[in-house]
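Tertiary structure, described
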Amino acid sequence: MFYQLFETTEYHLNLRLLPRLSTAAGFELNTGIYINTVSPEKAASYLKGNE
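Residues numbered from 1 in each chain as written. Predicted model: local features only at pLDDT ≥ 70, side-chain atom pairs only at ≥ 80, totals over all residues. Heavy atoms only, no water.

What follows is about the overall build of the protein. Helix and strand content of the protein: two helices and two strands. Start at the N end of the protein and walk to the C end: the helices and strands fall as β-β-α-α. Expressed as a percentage of the 51 residues in the protein, the buried residues total 4%. (Helix = DSSP H or I, 4+ residues; strand = E, 2+ residues; numbered from the N terminus. Buried < 20%, exposed > 50% of the residue type's maximum accessible area, 1.4 Å probe, protein only.)

And the structure:
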């Protein structure tokens, strides 16, 4: 994402890098809601500390 401020006399450009761990599809890109790709069993095992 690029942000640029025009109110000041100094040039200001802010660059934000957003790493992506998986490929976003149309649903995620259009709604901003991401689908969980971890199975419930793996998530429960991780939360219990069993991994």
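Having seen it, we continue.
Glancing now at the layout of surface pockets. Its volume calculated, the largest pocket comes out at about 270 Å³. Classifying every residue of the lining of the largest pocket gives six nonpolar, four polar and two charged. (1 Å grid on protein atoms, 1.4 Å probe; cavity = no way out; pocket = protein on both sides within 12 Å on 5 of 7 lines; lining within 4 Å. Points joined across faces, edges and corners; volume = space filled by probe spheres on them. Nonpolar A, V, L, I, M, F, W, Y, C, P; charged D, E, K, R; others polar.)

One turn of an α-helix holds 3.6 residues; hence residues three or four places apart share an orientation. By the criterion of burial, helix H2 (residues 40–48) is predominantly exposed, with just zero of the nine residues buried. One or two positions beyond H2, positive phi appears at glycine 49, with a value near 90 degrees.

Confidence in the prediction for the protein averages 78 pLDDT; 78% of positions are at 70 or higher. Within the protein, strand S1 (residues 2–5) has the poorest average pLDDT of any element, 60, and H2 the best, 91. (pLDDT = per-residue confidence, 0-100.)

The next point concerns a nonpolar patch on the surface. Taken together, Phe27, Ile33 and Ile35 make up a surface patch of nonpolar side chains, about 310 Å² in accessible area. With respect to the helices and strands, the residue isoleucine 33 is situated in the loop between helix H1 (26–31) and H2. (Patch = residues over 30% accessible without salt bridge, like charges linked within 9 Å, V, L, I, M, F, W, Y side chains within 5 Å. Areas by Shrake-Rupley, 256 points an atom, 1.4 Å probe, with all protein chains shown as cover. Salt bridge = Lys/Arg side-chain N within 4 Å of Asp/Glu carboxyl O.)

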